[in-house]
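Descriptive analysis of the structure
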Amino acid sequence: MAKNKFNPADSVNPETIALHGGDYRSDPSTTSVAVPIYQTTSYQFHNTEHAANLFGAKDFGNIYTRIMNPTVDVLEKRVAAMEGGVGALCVSSGQSASMLSIQNLVKAGDNIVSSTDLYGGTWNLFANTMKDLGIEVRFADPTDPESFRKMTDDNTRAYYAETLPNPKLKVFPIREVADIGDEYNIPLIVDNTAAPVICKPIEHGATIVVHSLTKFIGGHGTTIGGIIVDSGKFDWAKDPKRQPMLNNPDPSYHGMVWTEFAKAVGPIAYIVRARFVGLRDLGPALPPQSAFQIIQGLETVSLRMEKHCSNAAKVAEYLSNHNKVSRVIYAGLDEGEAGERANKYLKGGHGALCGIELKGGKASGEKFINNLNMFYHVANIGDARSLAIHPASTTHSQLSDEDMESAGVNPSYVRLSIGIEHIDDIIEDLKNALDAA
Ligand code: PLP
């Protein structure tokens, strides 16, 4: 790749990094400014020694697109820089990012402690699929950081949480839980999907950040993808018993001890193993075409987040004053401890997500959704367009009333992901739907 004359490492600003990061200035053979789609499966080795060095992790370079690709590489480097990490790994979906971020540290018989407030797919993965694999996920109360400590034992390998989980939209106490983790040498993995740009979990002590790139970073509802970012700040070698995967000889990589390897190349033991073992063996690679699409989104994510946030703030204010709305759930309206956390961890806005409960109950929630004209009725968040869903009749319909309530879903609850359209059109659509509800 042609190097940048402008050194993006000089900038800490996400607007600039998103456009100039990734160690990419232009394509060396064509001078293409846009990142090309390197649509290839494999890469010609110079000779057998070169090939052997690549396979032995003595040299870094391209081997095979399941494990790395130059288009994907730019995306990885840009998101890593935006989050303040030292390296990243793209995968085929947000789901595989969550799974691989944990599988890199745990094996059957181990456990992790996770916040209860999670995306439904992650909840299912943790409560059922991981259980079937012999990995126990213990669920802790995110409003009480000490509950993470209480659930920790000798086999706990990681803590897991979301920055801004919906439907409750209560910002997670990142620093508080990361500090508890530090006492036990346990890393905190944070899913920052709902708060790119406005929250940098690594600055608050998170070790690993994951994103569904499908949402705000991609931003246009076209492409599924995920990423794992390594802060490079965690001392994996400090307590080898706590982190055996990175400290014991790895039989799947000719006895490599990943923390030893990191001594020579920098603090990237975690993310290198995730690529060379996790991605290599399990195979959820992000296609280069998808990486290209997501890079287009990434380049404007800061601008979009500004607009998402300012529109959502106006929507929350409008809905708070509407006589058919009994409650507005929005991080910017939180008071007390939750409000303090929202202001501590979110900068430049409180995100695009906003929930409402309607006085007329479940039927009103359904009528409201059915009378939205501009908002799309979809199971998604983070599109440039405004989106809405009624969890009680869709994503949470299989839950008992009691379980729904504990998940934060009142039967009338409607989740809104506020887009970047003109605010007048957004409010008009909400007004008409509320009139009919
Ligand atoms: N994490 C969060 C917070 C999500 O909202 C989602 C999807 O909705 C995921 C992870 C999973 O992402 P994907 O759909 O890209 O697999």
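Cut-offs used in this document
Residues numbered from 1 in each chain as written. Predicted model: local features only at pLDDT ≥ 70, side-chain atom pairs only at ≥ 80, totals over all residues. Heavy atoms only, no water. Helix = DSSP H or I, 4+ residues; strand = E, 2+ residues; numbered from the N terminus. Rg over C-alpha atoms; globule rule 2.2 N^0.38 Å. Buried < 20%, exposed > 50% of the residue type's maximum accessible area, 1.4 Å probe, protein only. Contact = heavy atoms within 4.5 Å. Areas by Shrake-Rupley, 256 points an atom, 1.4 Å probe, with all protein chains shown as cover. Lys, Arg positive; Asp, Glu negative; His and termini not counted. Charge placed at Lys NZ, Arg CZ, Asp CG, Glu CD. Domains from an automatic or database assignment. Buried area = accessible area lost by both parts, 1.4 Å probe. Salt bridge = Lys/Arg side-chain N within 4 Å of Asp/Glu carboxyl O. Polar contact = N/O pair within 3.5 Å; in protein donor to acceptor, adjacent residues only side chain to side chain. Nonpolar A, V, L, I, M, F, W, Y, C, P; charged D, E, K, R; others polar. Axes fitted to C-alpha atoms, helices over the stretch in contact; angles between N-to-C directions. Parallel < 35°, antiparallel > 145°, perpendicular 65-115°, else oblique. Near = heavy atom within 4 Å. Pairing = 2+ DSSP bridges. Right-handed = clockwise from strand over helix to strand, strands pointing away.

1. Brief notes about the overall build of the chain
Across its full length, the chain carries 16 helices and twelve strands. A compact globule built from 437 residues should have a C-alpha radius of gyration of about 22 Å, and the chain, at 22 Å, falls within 12% of that. Overall, the chain is about 70 × 55 × 35 Å in size when its C-alpha atoms are taken along their principal axes. Taking all 437 residues of the chain together, the buried fraction comes to 56%. Sequence separation of at least 24 residues holds for 71% of the intrachain contacts in the chain that already meet a minimum separation of 6. Within the structure as shown, the chain displays about 18100 Å² of accessible surface, and the carbon and sulfur contribution to it stands at 51%. The chain carries 40 positive and 51 negative side-chain charges, and their two centres are separated by 2 Å.

2. Examining the domain arrangement of the chain
It is common to report an interface's size as the accessible area lost on association of the parts. Looking at the chain, the domain boundaries give domain 1 (13–297) and domain 2 (301–436). Spacing between the C-alpha centres of domain 1 and domain 2 amounts to 29 Å. Tallying the contact residues gives 34 residues for domain 1 and 39 residues for domain 2. Across the interface of domain 1 and domain 2, roughly 2900 Å² is buried in total on both sides, 60% from carbon and sulfur atoms. Its largest share of buried area at the contact with domain 2, domain 1 owes to Pro167, Ile198 and Phe216, together 26% of the area lost on that side. Our count for the contact surface shared by domain 1 and domain 2 stands at three salt bridges. The partner of lysine 344 in a salt bridge is glutamate 176, and the shortest N-O contact between them spans 3.6 Å. Taken together, domain 1 and domain 2 are joined by 14 residue pairs in polar contact (both at pLDDT 80 or more). Among the elements of the structure, α1 (14–20) and α7 (174–184) are those that each provide at least two residues to the side of domain 1 that touches domain 2. Residue contributions to the side of domain 1 that touches domain 2 peak at three residues, all from α7. Within the side of domain 1 that touches domain 2, the residues separate by chemical class into 19 nonpolar, nine polar and six charged.

3. Description of the packing of α7 against helix α13 (residues 336–345)
In the contact formed by α7 and α13, the axes pass within 10 Å of each other and the chain directions differ by 85 degrees. Judged on the interaxial angle alone, α13 and α7 are roughly perpendicular. Residues Ile174, Arg175 and Glu176 of α7 form the contact with α13, whose participating residues are Arg341, Lys344 and Tyr345. Looking at side-chain class alone, the contact of α7 with α13 contains two nonpolar, no polar and four charged residues.

4. Concerning the site of the ligand
Surrounding the ligand, one finds 13 residues, the nearest of these being Gly94, Gln95, Asp191, Ser212 and Thr214. In the environment of the ligand, an oxygen atom lies 2.5 Å from a nitrogen or oxygen atom belonging to the side chain of threonine 214. Contact with the protein chains removes 90% of the 390 Å² of surface that the ligand exposes when unbound. When its residues are assigned to classes, the shell around the ligand shows three nonpolar, seven polar and three charged.

5. Concerning the sheet that holds strand β9 (residues 353–358)
Ordered in space as β8-β9-β12-β11-β10, the five strands form an open sheet in which the pairing is mixed. The open sheet is flanked by β8 (325–329) and β10 (376–377), the only strands paired with a single partner. Judged from the three bridges that link them, strand β11 (residues 387–389) and strand β12 (residues 414–417) form a sheet pairing that is antiparallel. Counterpart to leucine 387 in the pairing with β12 is serine 417. On the sheet, helix α14 (residues 361–370) packs against β9, β10, β11 and β12 and is oriented at approximately 130 degrees with respect to β9.

6. With respect to the pairing of strand β3 (residues 136–140)
Sheet topology note: the strand β2 (residues 111–115)/β3 ladder contains five bridges and is parallel. Paired with asparagine 111 across the strands is glutamate 136, a residue of β3. Handedness of the β-α-β unit built from β2, helix α5 (residues 120–132) and β3 comes out right-handed.

7. What to know about the sheet that holds strand β6 (residues 208–212)
The strands making up a sheet associate through backbone hydrogen bonding, with each pair oriented either parallel or antiparallel. The strand order β1-β7-β6-β5-β4-β2-β3 describes an open sheet built from seven strands, whose pairing is mixed. Where the open sheet ends on each side, the last strands, each with one partner, are β1 (87–91) and β3. Strand after strand, the sheet turns through a mean of 20 degrees between neighbouring axes, direction not considered. Helix-sheet contacts for helix α10 (residues 269–282) involve β1, β6 and β7 (226–230), and the interaxial angle to β1 is about 25 degrees.

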